[in-house]
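The lines below spell out each chain.
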Amino acid sequence: MMSNTKVAVRVAEPPRSKTLKTLWICFLTLAALATLCLNVSAADVQDKDQPQPEELVATFAGGCFWCTEAVFERMEGVNDVISGYIGGTVRNPTYEQVCSKKTGHAEAVEIYYDPSKVSFDELLEVFFKTHDPTTLNRQGPDSGPQYRSSVFYHNEEQRAATEAYIKKLDESGEFDRKIVTQLEKAVTFYPAEEYHQDFYRKNPNYGYCQAIVKDKVRKFNRTFSDKIKK
């Protein structure tokens, strides 16, 4: 009988040991998960404490958008440049309609930029240096209201900054004539047809690109060598 009792005890022990082992594994797993959650929460708080870069947009019209786009897409801090039409009365205008000078639109570019890398004032500096802001509806061989010089501001900060920059340019005497660049509130921007996007990059040997766009790009490269994308 004693022998049988001992055997019975030995048989009963393994399940108890297995149960304790399972509980111990569960405890360690929960402890590890709790530690992981605390680390993730701490990382989230740390990330929220760090300022996150925010993409902003500026909209400029300064003659043919092939030229303006080719200049700004080379600029450090600029993420994307889209050619299109803004400031008119016709919805979803075509290039042919805008060229008819009857829609009121300007050929313009929307510039998406990282304010942690480039400021709006720096964009204004490049804009005013790479087109003629003293001729309202003409840039080189291109004439008409669709080629007007205009800054389409998206908020009061952009409007005030542009006004201050134009005043500074006029007072500096950098230009022989008064700045005539218009300030217009940004309205609906219509992206131009696909073949207009990245036109200079895709068609560097096109006649207009060789005659006009290339010189503007060279001027940007010479004047703003420190602002060229690496």
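Our subject is the structure that appears above.
Here the structure is a predicted model, which means the values were calculated and not measured.

Colleague: Looking at this structure, I do not really get the overall build of the protein chain. What am I missing?
Modeller: A tally of regular secondary structure across the protein chain gives 7 helices and 8 strands. Across the 230 residues in the protein chain, those meeting the buried criterion constitute 37%. Taking as baseline every contact in the protein chain between residues at least 6 positions apart, the subset at least 24 positions apart corresponds to 77%. With the model as given, the accessible surface of the protein chain reaches about 13700 Å², and the carbon-plus-sulfur share is 56%.

Colleague: Is there a simple way to explain the packing of helix 4 (residues 120-129) against helix 5 (residues 156-172) in this structure?
Modeller: When two helices pack together, their arrangement is captured by the angle between the axes and the distance separating the axes. Taken N-terminus to C-terminus, the directions of helix 4 and helix 5 make an angle of 45 degrees; their axes are 10 Å apart at the nearest point. Put simply, helix 4 runs oblique to helix 5. Helix-helix and strand crossings are classified by hand; for helix 4 and helix 5 the assignment is right-handed. Of the residues in helix 5, those in contact with Phe120, Asp121, Leu124, Glu125 and Phe128 of helix 4 are Gln158, Ala161, Thr162, Tyr165, Ile166 and Leu169. Taken together, the residues of the contact of helix 4 with helix 5 sort by class into 7 nonpolar, 2 polar and 2 charged.

Colleague: Help me understand the environment of alanine 108, please; the structure alone is not making it clear to me.
Modeller: When you line up the elements, alanine 108 lands in strand 3 (residues 106-113). C-alpha separation for the pair alanine 108 and glycine 63, spaced 45 residues apart in sequence, amounts to 7.7 Å. Ignoring anything within four residues of it in the chain, the contact list for alanine 108 reads Thr59, Phe60, Ala61, Phe65, Ile82, Ser83, Gly84, Ile86 and Phe189.

Colleague: Any chance you could explain helix 2 (residues 65-72) here in plain terms?
Modeller: The α-helix advances 3.6 residues per turn, and as a result positions three or four apart in sequence lie on the same side. With respect to burial, helix 2 is a largely interior element, 8 of its 8 residues being buried. Of all the residues in helix 2, the buried ones are Phe65, Trp66, Cys67, Thr68, Glu69, Ala70, Val71 and Phe72.

Colleague: How should the pattern of salt bridges be read in this particular structure?
Modeller: Between side chains of opposite charge, a pair can form when the charged atoms approach closely. By the definition in use, this model includes 10 salt bridges. A single network of salt bridges, built from pairs that share partners, joins Glu156, Arg159 and Glu163.

Colleague: I'm lost on the pairing of strand 7 (residues 182-185) in this one. Help?
Modeller: Looking down a regular strand, the side chains alternate between one sheet face and the other. Where strand 6 (residues 149-153) and strand 7 come together, 4 bridges link them in parallel fashion. Across the sheet, the residue bridging to phenylalanine 152 is glutamate 184, located in strand 7. As a crossover connection, the stretch from strand 6 through helix 5 into strand 7 is right-handed.

Colleague: I would appreciate a short explanation of unusual backbone geometry in the present structure.
Modeller: The phi angle of most residues is negative, glycine excepted, and most peptide bonds adopt the trans form. The backbone phi angle of asparagine 92 is positive, close to 50 degrees, even though this residue is not glycine. With respect to the helices, strands and loops of the structure, asparagine 92 is situated in the loop between strand 2 (78-86) and helix 3 (95-99). With a phi angle near 55 degrees, aspartate 198 is a residue other than glycine that sits in the positive phi range. Residue position: aspartate 198 is located in the loop between strand 8 (190-191) and helix 6 (199-202).

Colleague: Hey, could you run me through the packing of aromatic side chains in this one?
Modeller: To describe a pair of aromatic rings, one takes the distance between the centres and the angle between the planes. For the structure on display, the rule yields 12 aromatic pairs. Aromatic pair phenylalanine 128 and tyrosine 165: ring centres 5.6 Å apart, planes at 25 degrees, arrangement stacked. Of this pair, phenylalanine 128 sits in helix 4 while tyrosine 165 is found in helix 5, placing the two residues 37 residues apart along the sequence. This pair shows no difference in class: phenylalanine 128 is buried, exactly as tyrosine 165 is.

Colleague: Honestly, the packing of helix 2 against helix 7 (residues 207-223) in this entry has me stumped. Any pointers?
Modeller: The N-to-C vectors of helix 2 and helix 7 enclose an angle of 35 degrees; their axes lie 9 Å apart at closest approach. Relative to helix 7, helix 2 is oriented so that their crossing is right-handed. Seen from helix 2, the contacting residues are Trp66, Cys67, Ala70 and Val71; seen from helix 7, they are Tyr208, Ile212, Val213, Lys216, Val217 and Phe220.

Colleague: So what exactly am I meant to see when it comes to the sheet that holds strand 2 here?
Modeller: Two pairing modes exist for strands in a sheet, parallel and antiparallel, and in both the strands are linked by backbone hydrogen bonds. If you walk across this open sheet you meet the 6 strands as 7-6-1-3-2-8, and the pairing is mixed. Each end of this open sheet is capped by a strand with a single partner; those strands are strand 7 and strand 8. Pairing of strand 1 (residues 56-62) with strand 6 involves 4 bridges; the strand directions are antiparallel. When the bridges of strand 6 are listed, phenylalanine 60 appears paired with valine 151. Against the sheet, helix 2 makes contact with strand 1, strand 2 and strand 3, and its axis sits at roughly 170 degrees relative to strand 2, the strand it touches most. Contacting strand 1, strand 2, strand 3 and strand 6, helix 4 crosses the sheet at an angle of about 15 degrees to strand 1.

Colleague: So what exactly am I meant to see when it comes to the environment of valine 126 here?
Modeller: Within the secondary structure layout, valine 126 lies in helix 4. For the pair formed by valine 126 and phenylalanine 224, sequence separation is 98 residues and the distance between their alpha carbons is 7.9 Å. Beyond its immediate chain neighbours, meaning those up to four positions away, valine 126 contacts Val71, Phe72, Met75, Phe220, Phe224 and Lys227.

Each value, and the rule that gives it
- Residues numbered from 1 in each chain as written.
- Predicted model: local features only at pLDDT ≥ 70, side-chain atom pairs only at ≥ 80, totals over all residues.
- Heavy atoms only, no water.
- Helix = DSSP H or I, 4+ residues; strand = E, 2+ residues; numbered from the N terminus.
- Buried < 20%, exposed > 50% of the residue type's maximum accessible area, 1.4 Å probe, protein only.
- Contact = heavy atoms within 4.5 Å.
- Areas by Shrake-Rupley, 256 points an atom, 1.4 Å probe, with all protein chains shown as cover.
- Axes fitted to C-alpha atoms, helices over the stretch in contact; angles between N-to-C directions.
- Parallel < 35°, antiparallel > 145°, perpendicular 65-115°, else oblique.
- Left-handed = near helix turned anticlockwise from the far one by under 90°.
- Nonpolar A, V, L, I, M, F, W, Y, C, P; charged D, E, K, R; others polar.
- Salt bridge = Lys/Arg side-chain N within 4 Å of Asp/Glu carboxyl O.
- Pairing = 2+ DSSP bridges.
- Right-handed = clockwise from strand over helix to strand, strands pointing away.
- Phe/Tyr/Trp six-rings, centres within 6.5 Å; stacked < 30°, edge-to-face > 60°.

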